[in-house]
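Remarks on the overall topology
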Amino acid sequence: MAAASVFGRRYGLLAALSLLVIVGFALSPPVTVFSKTHAIGYAICHQIPGRTFHIDGVPLPLCARCTGIYLGFLAGLLGMLALHRQYAIDLPPTWILATLVMFIGVMAFDGINSFLEFVPSIPQLYASQNWLRLVTGTLHGLAISVIFYPVVSISVWHPDLTQPAAIIETGREFAAFLAAGGVAVLAVLWQNPLLLYPLAILSTLGVLIILTMINTIIVLVITRREALARTWQDVLVPVTMALAISFLLIGGMDWLRAAITRAANLPF
């Protein structure tokens, strides 16, 4: 009992420290929401202007490919919730899974071809286009959301809650997921000024969500609380801790990138 009490106090202290980290990130410069999205993007994306969509002359916080990846990931999670598959633990049928793996391969292929633009001695197979980076990134994000979420579900939810079901079970459901990704693509390609802030916020929200999911699994394993949650309230503290870790990682990567950029005199 004494050991459990000590662990409970330490767990509560970690939760309080996590809240301080989250508040600290929110209040630290840059202070505007749009500037925060660019700070998050700076940690994980090259943000090269020529490979980034601009809306009303203002660049999005993530390049075209990263915008697609994280909007696609977010669209996949929303699709999962719409289908009430938040407790699902199985992978999709073989043909859907194979298609999702193909999406990942297609983005990798297009990414390699895009990189060849920086290697003059090796010609590109085709001209790089931002719309293609966006599309392949979105398909990749959808694939990752469907393949990765069952790992999250197994790690978080009590076995009494988990369902022996796949995130996507039928071709009709798969088509709905692709349609959600298509909406994300069209929203970016439309480049309507009214969508600047929503797209900036949603794309970087995708970054925070995937980082926090990964960190939640790590927190649960370290604290030996994996597969115990029966309600959303049960995961509130682990998720808070994971979000704080995500902000610390972003801050650290921002600092490291800035230091390397200055030291090497890089253009981005």
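See above for the structure.
**Re the overall build of the protein chain**
The secondary structure content of the protein chain amounts to 8 helices and 4 strands. Mapped in sequence order, the helices and strands of the protein chain form the string α-α-β-β-α-β-α-α-β-α-α-α. Taken over C-alpha atoms, the radius of gyration comes to 20 Å for the protein chain, in line with the 18 Å a tight globule of 268 residues would show. Its C-alpha atoms give the protein chain principal-axis dimensions of roughly 65 × 50 × 40 Å. Out of the 268 residues in the protein chain, the part that is buried amounts to 45%. Contacts in the protein chain between residues at least 24 apart in sequence constitute 78% of all its contacts with a sequence separation of at least 6. Positive and negative side-chain charges of the protein chain, numbering 13 and 10 respectively, have mean locations separated by a distance of 10 Å.

**Concerning the pattern of salt bridges**
Summed over all chains, the structure comprises 6 salt bridges. Close ionic contact of Glu-173 with Arg-85 constitutes a salt bridge, the shortest N to O distance being 2.8 Å. Remark: Arg-85 occurs in the loop between α3 (64–82) and β3 (88–90) and Glu-173 occurs in helix α6 (residues 171–190); sequence separation between them is 88 residues. For Arg-85, a relative accessible area of 11% corresponds to the buried category. A salt bridge links Arg-230 to Asp-160; the nearest nitrogen and oxygen atoms lie 3.3 Å apart.

**Here's the deal with the packing of aromatic side chains**
Under the counting rule described, the total for this entry stands at 8 aromatic pairs. A ring pair is formed by Trp-157 and Trp-232, whose centres lie 4.9 Å apart and whose planes are at 85°; its orientation type is edge-to-face. With a gap of 75 residues between them, Trp-157 in the loop between α5 (130–156) and β4 (163–166) and Trp-232 in the loop between α7 (196–222) and α8 (236–264) connect regions that are remote in the sequence. You can call Trp-157 buried: its relative accessible area is 2%. Using a relative accessible area of 47% as the deciding quantity, one classes Trp-232 as partly exposed. Through a chain of ring-to-ring contacts, the aromatic side chains of Tyr-87, Trp-157 and Trp-232 assemble into a single cluster. Of note, Lys-36 hangs over the ring of Phe-25, and the distance from its end group to the ring centre comes to 4.7 Å. Note that Arg-257 overlies the ring of Tyr-42, its terminal NZ or CZ placed 4.1 Å from the centroid.

**So, a nonpolar patch on the surface**
On the surface, Leu-13, Leu-14, Leu-17 and Leu-20 cluster together to form a nonpolar patch covering roughly 390 Å² of accessible area. Among the secondary structure elements, Leu-17 is positioned in helix α1 (residues 2–27). Take Leu-17: its relative accessible area is 42%, and that puts it in the partly exposed class.

**What about the nonpolar core?**
Counting residues in hydrophobic clusters, the biggest one holds 44 residues, and the most contacted among them are Tyr-149, Ile-167 and Ile-250. Broken down by secondary-structure element, the contributors of at least two residues to this core are α1, α2 (33–44), α3, α4 (94–115), α5, α6, α7 and α8. Ignoring any residue separated from it by four or fewer positions in sequence, one finds Ile-167 in contact with Met-80, Leu-83, Arg-85, Ala-88, Asp-90, Val-146, Tyr-149, Pro-150, Glu-173 and Phe-177. Within the second largest apolar cluster, 14 residues are counted, among which are Ala-64, Val-185, Val-188 and Ala-200.

**Some thoughts on unusual backbone geometry**
With an omega of -5°, the peptide bond running from Pro-29 to Pro-30 counts as cis. For His-84, which is not glycine, the phi dihedral falls at a positive 60°. Here His-84 is to be found in the loop between α3 and β3. Using a relative accessible area of 58% as the deciding quantity, one classes His-84 as exposed.

Parameters and conventions
- Residues numbered from 1 in each chain as written.
- Predicted model: local features only at pLDDT ≥ 70, side-chain atom pairs only at ≥ 80, totals over all residues.
- Heavy atoms only, no water.
- Helix = DSSP H or I, 4+ residues; strand = E, 2+ residues; numbered from the N terminus.
- Rg over C-alpha atoms; globule rule 2.2 N^0.38 Å.
- Buried < 20%, exposed > 50% of the residue type's maximum accessible area, 1.4 Å probe, protein only.
- Contact = heavy atoms within 4.5 Å.
- Lys, Arg positive; Asp, Glu negative; His and termini not counted.
- Charge placed at Lys NZ, Arg CZ, Asp CG, Glu CD.
- Salt bridge = Lys/Arg side-chain N within 4 Å of Asp/Glu carboxyl O.
- Phe/Tyr/Trp six-rings, centres within 6.5 Å; stacked < 30°, edge-to-face > 60°.
- Lys NZ or Arg CZ within 6 Å of the ring centre and 35° of its normal.
- Patch = residues over 30% accessible without salt bridge, like charges linked within 9 Å, V, L, I, M, F, W, Y side chains within 5 Å.
- Areas by Shrake-Rupley, 256 points an atom, 1.4 Å probe, with all protein chains shown as cover.
- Core = buried A, V, L, I, M, F, W, Y, C linked by side-chain atoms within 4.5 Å.

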